[in-house]
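Examination of the molecular architecture
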Amino acid sequence: MIQTSGLSKSFHDLHVLKGIDLRIAAQEIVVLLGPSGSGKSTLLRCLNGLEDPSGGSLEVNGIRVDADMPASKKRASFRDIRRDTGMVFQQFNLYPHKTVLGNVIESLLIVKKLPRTEAESIGMRLLERVGLADKRDQYPSRLSGGQQQRVAIARALATEPSVMLFDEPTSALDPELVGEVLAVMRELAGEGMTMAVVTHEMKFARQVANRVLFMDGGIIVEEQAPEAFFQHPQSERARKFLNQLNER
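Scoring rules and cut-offs
Residues numbered from 1 in each chain as written. Predicted model: local features only at pLDDT ≥ 70, side-chain atom pairs only at ≥ 80, totals over all residues. Heavy atoms only, no water. UniProt positions renumbered as here; feature names shortened; annotations may be inferred. Helix = DSSP H or I, 4+ residues; strand = E, 2+ residues; numbered from the N terminus. Expected span 1.5 Å × (residues − 1). Buried < 20%, exposed > 50% of the residue type's maximum accessible area, 1.4 Å probe, protein only. Arc of directions from axis to C-beta. Contact = heavy atoms within 4.5 Å. Pairing = 2+ DSSP bridges. Axes fitted to C-alpha atoms, helices over the stretch in contact; angles between N-to-C directions. Parallel < 35°, antiparallel > 145°, perpendicular 65-115°, else oblique. Left-handed = near helix turned anticlockwise from the far one by under 90°.

An unreviewed UniProt entry lists the protein under the name ATP-binding cassette domain-containing protein, with Paenibacillus glycinis as the source organism. The record in UniProt for the protein states the following under Subcellular location (unreviewed entry): "Cell membrane". In its Sequence similarities (unreviewed entry) section, UniProt records this for the protein: "Belongs to the ABC transporter superfamily."

Next comes the structure, spelled out in structure tokens:
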């Protein structure tokens, strides 16, 4: 479902990704771990074109992008990838002037050009799915952080993506609100959604992930099944990372 080959990304003289080779199968849940600045978020942003790769290639659900292809073709390919890929960010990025339902159906109206009645019917099903049907007419400012993030997940699901990318979706939440967002993600995993998740929620990684990838310095240092990684990390850098988390 997701493949990268030699994927790299540089910002001027800063090399953030250094030749990433990645494979994620359909219905697989892969959690990306690593210290801040290791390249995890940049990798996700390259997968759906929010960042333009500097080198290598990537493929998402059969749509390939090479870093050296013409700019117009690259833009078109990423546009196709984004139609089939949902992304949830650290910050909720909801439209403050639109209701909860209005946020969820925006892509259905603008991208899919569905009639409003059909879009609202789909939007309500999604809000029911994340437990927020009763908030349909509220504005984001009236919601808790956990509720806003669940609206963001519903919005990402509106176009029926084959892949979901989560970039630290709970890092901006108060601790007591984290569980309600992770519950929705667990449900998606149980339904067979292909997911790449950047997170520091170790319990989620242990219970839900099929594989854990540990990144540092722009490379994948190691990858293992969750229990193997947490019990017997292979690299000294991963052991240090886990020890620091345990001390916290």
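Moving on from the coordinates now.
**What to know about helix H2 (residues 71–83)**
Between its terminal C-alpha atoms H2 stretches 19 Å, which fits the 18 Å expected from 13 residues at 1.5 Å a residue. Among the residues making up H2, those that are buried are Lys-74, Ser-77, Phe-78 and Ile-81. Along the axis of H2, the buried residues cluster in a sector spanning 100 degrees; they form a single face. If you follow the buried residues of H2, they end up packed against helix H1 (40–47), strand E4 (55–60), strand E5 (63–66) and strand E6 (85–88).

**Side note on the UniProt feature "domain: ABC transporter" (unreviewed entry) in the protein**
Summarizing the sequence annotation, UniProt attributes the feature "domain: ABC transporter" (unreviewed entry) to residues 2–242 in the numbering used throughout. Measuring from the first to the last C-alpha atom of residues 2–242 gives 27 Å, for a span that is 39% helix and 26% strand.

**Notes on the sheet that holds strand E3 (residues 29–33)**
What the 6 strands build is an open sheet, ordered E6-E7-E8-E3-E9-E10; its pairing is mixed. Edge strands, defined here as strands with exactly one partner in the open sheet, are E6 and strand E10 (219–224). Recorded for the sheet is a direction-independent mean angle of 20 degrees between the axes of neighbouring strands. As paired strands, E3 and strand E9 (residues 211–216) are joined by 4 bridges and run parallel to one another. Each residue of the ladder has a partner; that of Val-31, found in E9, is Val-212. Along the sheet, helix H6 (residues 175–190) contacts E3, strand E7 (163–167) and strand E8 (194–198); its crossing angle with E8, the most-contacted strand, is approximately 145 degrees.

**A few points about the pairing of E6**
Going residue by residue along E6, you find Thr-85 and Met-87 tucked away on one face and Gly-86 and Val-88 tucked away on the opposite face as well. When E6 meets E7, the two strands line up parallel, connected through 4 bridges. Each bridged residue has a counterpart across the sheet, and for Gly-86 the counterpart in E7 is Met-164.

**What about the sheet that holds E5?**
Strands sit in the order E2-E1-E4-E5 across an open sheet of 4 strands; the sheet is antiparallel. Strand pairing shows two members of the sheet lacking a second neighbour, strand E2 (14–24) and E5, which therefore form its edges. When the angles between neighbouring strand axes are averaged without regard to direction, this sheet yields 20 degrees. With 8 bridges joining them, strand E1 (residues 2–11) and E2 adopt antiparallel strand pairing. By the bridge assignment for E2, Thr-4 is matched with Leu-22.

**With respect to the packing of helix H3 (residues 100–110) against helix H5 (residues 145–157)**
One way to put it is that H3 packs onto H5 with a least axis distance of 7 Å and a crossing angle of 25 degrees. Of the possible angle classes, the one that applies to H3 and H5 is roughly parallel. Considering the relative orientation of H3 and H5, their crossing is right-handed. For the pair H3 and H5, the contacting residues are Val-100, Asn-103, Val-104 and Ser-107 in the first and Val-151, Ala-154 and Arg-155 in the second.

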